[in-house]
Structure formats: structure tokens, C-alpha cells
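Here is how the chains run, residue by residue.
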Amino acid sequence: MRDASGRWILGFCGNLGHGNSLAAEVRGFWEGLQQAWKAGFKKICLLGDSLVAVNLIKNGCQDSHPLAHSINRIRLLIKNDSEVVVSHTLREGNMVADYMASYAYQYTDWNIQVLREPPVGCRIFIDRDVMGICCPRRLCRM
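Now for a description of the structure that goes with this document. The structure displayed is predicted, hence computed values, not measured ones.

So, how was this worked out
Residues numbered from 1 in each chain as written. Predicted model: local features only at pLDDT ≥ 70, side-chain atom pairs only at ≥ 80, totals over all residues. Heavy atoms only, no water. Helix = DSSP H or I, 4+ residues; strand = E, 2+ residues; numbered from the N terminus. Contact = heavy atoms within 4.5 Å. Salt bridge = Lys/Arg side-chain N within 4 Å of Asp/Glu carboxyl O. Buried < 20%, exposed > 50% of the residue type's maximum accessible area, 1.4 Å probe, protein only. Axes fitted to C-alpha atoms, helices over the stretch in contact; angles between N-to-C directions. Parallel < 35°, antiparallel > 145°, perpendicular 65-115°, else oblique. Nonpolar A, V, L, I, M, F, W, Y, C, P; charged D, E, K, R; others polar.

Before going further, it helps to examine the environment of Leu-47. Among the secondary structure elements, Leu-47 is positioned in strand 2 (residues 44-48). Separated by 18 residues in the primary sequence, Leu-47 and Phe-29 have C-alpha atoms spaced 8.4 Å apart. For Leu-47, the residues in contact, after removing those within four places along its chain, are Phe-29, Ser-87, Thr-89 and Asn-94.

Take a look at the structure:
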């Protein structure tokens, strides 16, 4: 979690077990909302680099979708709080979250770990965001 200027407020990570990147992104939205509300924040912008996850949260899904329960829980929470905005960003525009996803692999505990300070390796990405330095998107040539 960061403020409007990109400065670290708090972070979280944990072992999600087996699953896929879509499930991890949806779980990240859920945990992010929970942590933001616990911290007393009212205006929340959820950024995700999975366009599929963002669209599922924004538009909903059929009850037969494997993540329907989680998606519907998030949508219900957001519906009750009109100060939540869900937006898509490219991975290169969300390098702090990308770093934290990789960082979480070291945890074996199923409980979410709240981090009051950013991990040392994450600080460079926070500093770049605060200074407005973007990471170029990698393109491959065929």
C-alpha cells in the first residue's frame, strides 16, 4: 500500500499455496482491501496488472467461474464503499507489486504477513515511482 505520491505505507505477503496468477491477483485485491480498511483508509485505488482480474472485479462473472466466490466477495465490499476504484496498469507500471509477489515465495506460513517497512530490494522500485521514473516495456523481436 502506498500513498498518492507513491510512498510506502505498508505491505503484505503470504503463502497462497497452489494456484495460478489469476487466483493470486484476485487474492491480492481481497487482502489489499482488507488491509486498507483495517488501516482506516476510505479512498482506495486498487491497481492490478491482470486485465482479466480487473475486468472480473469490475464486471463480475458467472457463478460457475472457479473464482466466483472470491470475486463476488470483493464486488460486495466495493459496492458498499463507493470510494474504491479498480484500475488496470501494466506490470511495468506496478513494479512494487511485482516485486512483492516474488518476495512472498519465501514465506511458508499461510498467515498474511503485514510489513510496516518495505523489503530492502523493493525500495529501488518505490524510489523510482516517487521520482516518476518508468520502466520501459520489454519487446521481443521475431
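The next thing to look at is the pattern of salt bridges. Under the counting rule described, the total for this entry stands at two salt bridges. For Arg-7, the salt bridge is made with Asp-3, and the minimal N-O distance between the two is 3.3 Å. Accessibility expressed as a relative area gives 45% for Arg-7, which makes it partly exposed. The salt bridge partner of Glu-31 is Arg-27, with a shortest N-O separation of 3.0 Å. With a gap of four residues between them, Glu-31 and Arg-27 both fall in helix 1 (residues 21-38), about one helical turn apart. Relative accessible area serves as the criterion here: at 11%, Glu-31 is assigned to the buried category. We classify Arg-27 as partly exposed; its relative accessible area is 29%.

Further remarks concern the packing of helix 4 (residues 95-103) against helix 5 (residues 123-131). The contact between helix 4 and helix 5 brings their axes to 9 Å, and the two run at 170 degrees. The angle between the axes of helix 4 and helix 5 places the two elements in the roughly antiparallel class. Note on element contacts: helix 5 touches helix 4 through Phe-125, Ile-126 and Asp-129, opposite Met-95, Val-96 and Tyr-99. Residues of the contact of helix 4 with helix 5, tallied by class, amount to five nonpolar, no polar and one charged.

With respect to the secondary-structure elements, Glu-25 resides in helix 1. Glu-25 gets classed as buried once you look at its relative accessible area, which sits at 18%. Not counting residues within four places of it along the chain, the set of residues in contact with Glu-25 comprises Gly-48, Asp-49, Ser-50 and Ala-53.

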